[in-house]
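# Fold and geometry: a report
Listed below, chain by chain, are the residues.
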Amino acid sequence: MNTLRHHLGDSARRTWMAALCLVLASAAWGQTSYPNKPIKLVVGFPSGSSADVTARILARKLSDTLGQAVVVDNKPGASSNIATDGVVRSPADGYTLLLGSVANTINAGMGKSLPFNFATDLSPITLVTSLPNILVVHPSLGVSTVQELVALVKTKPGAIDFASSGNGTSPHLSGELFNLMAGVKLSHVPYKGSSQAMTDVLSGLVPVMFAPASTALPHIQSGALKALAVTSAQRSAIAPKLPTISESGLSGYETSVWFGVLVPQLTPRDVQDKLSQAINQSVQAPEVKQQLLSQGIDVLGGTRADFAKYMAAETEKWEKLIKASGAKFD
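These numbers were taken from a predicted model, which means no experiment stands behind them. (Residues numbered from 1 in each chain as written. Predicted model: local features only at pLDDT ≥ 70, side-chain atom pairs only at ≥ 80, totals over all residues. Heavy atoms only, no water.)

### Observations regarding the pairing of strand β3 (residues 96-101)
Most of β3 is tucked away, with 6 of its 6 residues classed as buried. Judged from the 4 bridges that link them, strand β1 (residues 39-43) and β3 form a sheet pairing that is parallel. When the sheet's bridge partners are listed, V42 is paired in β3 with L98. In this structure, β3 lies alongside strand β10 (residues 257-264), joined through 4 bridges in antiparallel fashion. In the sheet register, L99 faces β10, and the bridge partner there is V261. (Buried < 20%, exposed > 50% of the residue type's maximum accessible area, 1.4 Å probe, protein only. Helix = DSSP H or I, 4+ residues; strand = E, 2+ residues; numbered from the N terminus. Pairing = 2+ DSSP bridges.)

### Overview of the sheet that holds strand β11 (residues 298-299)
Ordered by their spatial adjacency, 6 strands build an open sheet running β2-β1-β3-β10-β4-β11, and the pairing between neighbours is mixed. Both edges of this open sheet fall to β2 (70-74) and β11, since each of them pairs with a single strand only. With respect to the sheet, helix α9 (residues 269-283) is in contact with β3, β4 (122-131), β10 and β11, its orientation differing from that of β4 by roughly 10°. Lying on the sheet, helix α11 (residues 304-325) is in contact with β4 and β10; it crosses β4 at an angle near 75°. (Contact = heavy atoms within 4.5 Å. Axes fitted to C-alpha atoms, helices over the stretch in contact; angles between N-to-C directions.)

### Topic: the nonpolar core
Taken as a class, soluble globular proteins show a tendency for nonpolar side chains to be buried jointly. If you look at the biggest cluster of nonpolar residues, it comprises 90 residues, and the most contacted ones within it are I134, L135, L149, F178, V208 and F210. Apart from the residues lying within four places of it in its own chain, the contact partners of L149 are L135, L141, V143, F178, V208 and L228. Formed by 6 residues, the second largest nonpolar core is a distinct cluster that contains I57, V288, L292 and I297. (Core = buried A, V, L, I, M, F, W, Y, C linked by side-chain atoms within 4.5 Å.)

### Let's talk about unusual backbone geometry
Residue P35 is reached from Y34 by a cis peptide bond, and omega for that bond is -5°. Tracing the backbone through its elements, the reader meets P35 in the loop between α1 (2-33) and β1. Residue S79 is not a glycine yet carries a positive backbone phi of 55°. Residue position: S79 is located in the loop between β2 and α3 (81-88). Accessibility expressed as a relative area gives 30% for S79, which makes it partly exposed. Residues other than glycine seldom take positive phi values, yet S80 does so here, at roughly 80°. One can find S80 in the loop between β2 and α3.

### Points about the pairing of strand β8 (residues 208-212)
Of all 5 residues making up β8, 5 are buried, and the element is well covered by its neighbours. Note that strand β5 (residues 133-137) and β8 share 5 bridges and pair antiparallel. Considered in β8, the bridge of I134 is made with A211. Pairing of strand β6 (residues 161-164) with β8 involves 2 bridges; the strand directions are parallel. If you follow A163 over to β8, its bridge partner there is M209.

In structure tokens:
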């Protein structure tokens, strides 16, 4: 009887161990098999935008890195809220990614009711790229430096306009931050996109714009517009001779248009880690850096924790600015 009981005990233990090994093997296979089908990268802005350019250059290289097709899906509208909501509602399996942007943290800081919480419904994977806005003026304004612009606007409060690609966009809030820190009043004129805004800036109808670098550079190079400074914290590789607004008298001034990849919050951690590693590897490839830089876009990269910290700081900054400036968005 004792022998039989001992035999049954050994048998049960062997069965249990076999089952455990099967579970562990299955888990390991699940980890190594991702991805095993195409991945969708959702972009909340139209084709041809800096977001779209970033997404398509990244997707091509990421497809090679992961061994699966990465397809860009443009879903523009509502300052990226439509695209973001769609990704939040998608399966948390690593096959639907969002190219999030500064627009998401601005939207979160506006205090408006949204169908999702950007800070908690999505997990940050990697901060991919950024590009500064460039403070440009029409030559007819007669200023060549940030200091000269500030001095001129102080003599004509509210009489000089600045254009933007729309209410609540980075170019808009770059101007509001400039007003607040310089103690001046440039009047905001919103448009439905950067190209429409740039048309009136080029004509001199609206003489000032904090324009995305990719939009501004051709007109700076042609002499149609005069560049005064970049809005980023450091000088940009795309225009290294241009000073920052911070070093031009408004110490601490900084804004940029950034893009980063996020996934639904419940996406498995091993999948998030694999995506972060693959995206970092992809954007650091020399050919990818060159392609992005040629479009006026700087490569970033970094850890998931770095991106989470950056997003929190951006949200807090925009929320404070919106309250302090009294910026209107309707």
